[in-house]
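Next come the chains, spelled out residue by residue.
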Amino acid sequence: MNSVNTVAPGLLADRLRPDRTALILIDLSNDFVHPLGKAATVGGRDVRPAQQILPAAGRLADAARQAGVAVIHCQHTTLPAGASDSPVWRDARSRASYSAEDICLDDSWGQAIVDELAPQPGDHIVKKYRYGGFGGTNLELILRSLRRDSVICCGVSTNVCVDTTAREAFSRDFYVTIAADACASWDMNLHAAALLTADRRFALVAPVEDIRAAWG
């Protein structure tokens, strides 16, 4: 991460002003993060990197609520009986490593947000059916209605769902910040590569404590 640009505090404070900002917590669900979730038990994924970011993500969410930043949980969802599938999606999912085709089945324990980051009163929950948080969801409607033009993305996996959501936000003309140490991947080399690309092309990349300090 030494090759990621350092963000000037003043720039971060303006970009993340509470009245313009939303924190998007991506796929911090039992099936992706918990040792008994399907990513670990069916896909054989090492979820320790995801477990390790939970304290930082929790501190970030708590600070966001205290500052008046909107908090949104993006929750990967698979509908029963293949109702959310398509031939293209099934093909991609059949080749996905460290996962399961019915991961985060709607209304299951696996889909639920982990206890450490359980949604609080006033938080928003957005069910998503693909890697990104915007396609086929009401995420943009919530952000526009709350007059938020700046988003912070964190969660798992950095190089897939976090990256896709951040790119989608950027393409819709939202300012994007990625909380580096509140993101993880099954391969932390891919995590680092995704953050480096984001930093060079479409996002600010900053540690959680710098983001919290911007609200201090």
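Quick summary incoming for the structure in this document. (Residues numbered from 1 in each chain as written. Predicted model: local features only at pLDDT ≥ 70, side-chain atom pairs only at ≥ 80, totals over all residues. Heavy atoms only, no water.)

## Comments concerning the environment of Leu 105
Relative to the helices and strands, Leu 105 is located in the loop between helix 6 (87-94) and strand 3 (124-128). With a relative accessible area of 27%, Leu 105 lands in the partly exposed category. Note: C-alpha distance between Leu 105 and Thr 77 (28 residues apart in sequence) is 5.9 Å. Beyond its immediate sequence surroundings of up to four residues, Leu 105 is in contact with Asp 31, Thr 78, Leu 79, Pro 80 and Gln 111. (Helix = DSSP H or I, 4+ residues; strand = E, 2+ residues; numbered from the N terminus. Buried < 20%, exposed > 50% of the residue type's maximum accessible area, 1.4 Å probe, protein only. Contact = heavy atoms within 4.5 Å.)

## Quick notes on the sheet that holds strand 6 (residues 204-206)
As summarised here, the arrangement of the six strands in space is 3-2-1-4-5-6, forming an open sheet in which the pairing is parallel. Both outer strands of the open sheet, strand 3 and strand 6, are each paired with one neighbouring strand and no more. Ignoring strand direction, the axes of neighbouring strands in this sheet form an average angle of 25 degrees. The pairing of strand 2 (residues 70-76) with strand 3 spans five bridges and is classified as parallel. Along strand 3, the bridge assignment pairs His 76 with Lys 128. Those strands touched by helix 5 (residues 54-67) are strand 1 (21-26), strand 2, strand 4 (150-156) and strand 5 (175-184), and its axis lies near 150 degrees from that of strand 1. Helix-sheet contacts for helix 9 (residues 188-201) involve strand 5 and strand 6, and the interaxial angle to strand 5 is about 165 degrees. (Pairing = 2+ DSSP bridges. Axes fitted to C-alpha atoms, helices over the stretch in contact; angles between N-to-C directions.)

## As for helix 5
With 14 residues, helix 5 extends 20 Å between its outermost C-alpha atoms, agreeing within 8% with the 20 Å of an ideal straight helix rising 1.5 Å per residue. Taken together, the buried positions of helix 5 are Leu 54, Ala 56, Ala 57, Gly 58, Leu 60, Ala 61, Ala 63 and Ala 64. Just past helix 5, the residue Gly 68 takes up positive phi, approximately 90 degrees. (Expected span 1.5 Å × (residues − 1).)

## Section: the side chain of Thr 78
One can find Thr 78 in the loop between strand 2 and helix 6. Only 2.7 Å separates the side chain of Thr 78 from the backbone oxygen of Ile 103, close enough to count as a polar contact. Residues within four places of Thr 78 in sequence aside, it is in contact with Ser 84, Glu 101, Asp 102, Ile 103, Cys 104, Leu 105 and Asp 106. (Polar contact = N/O pair within 3.5 Å; in protein donor to acceptor, adjacent residues only side chain to side chain.)

## Side note on unusual backbone geometry
For residues other than glycine, phi is negative in most cases, and the peptide bonds are mostly trans. In this structure, the amide linkage connecting Val 156 to the following residue, Ser 157, adopts the cis form with an omega of -15 degrees. Turning to its location among the elements, Ser 157 is positioned in the loop between strand 4 and helix 8 (158-171). You will see that Cys 104, though not glycine, has its phi angle at about 55 degrees, which is positive. One can find Cys 104 in the loop between helix 6 and strand 3. The backbone phi angle of Arg 147 is positive, close to 60 degrees, even though this residue is not glycine. Relative to the elements of secondary structure, Arg 147 occurs in the loop between helix 7 (139-145) and strand 4. Its relative accessible area of 70% is what places Arg 147 among the exposed residues.

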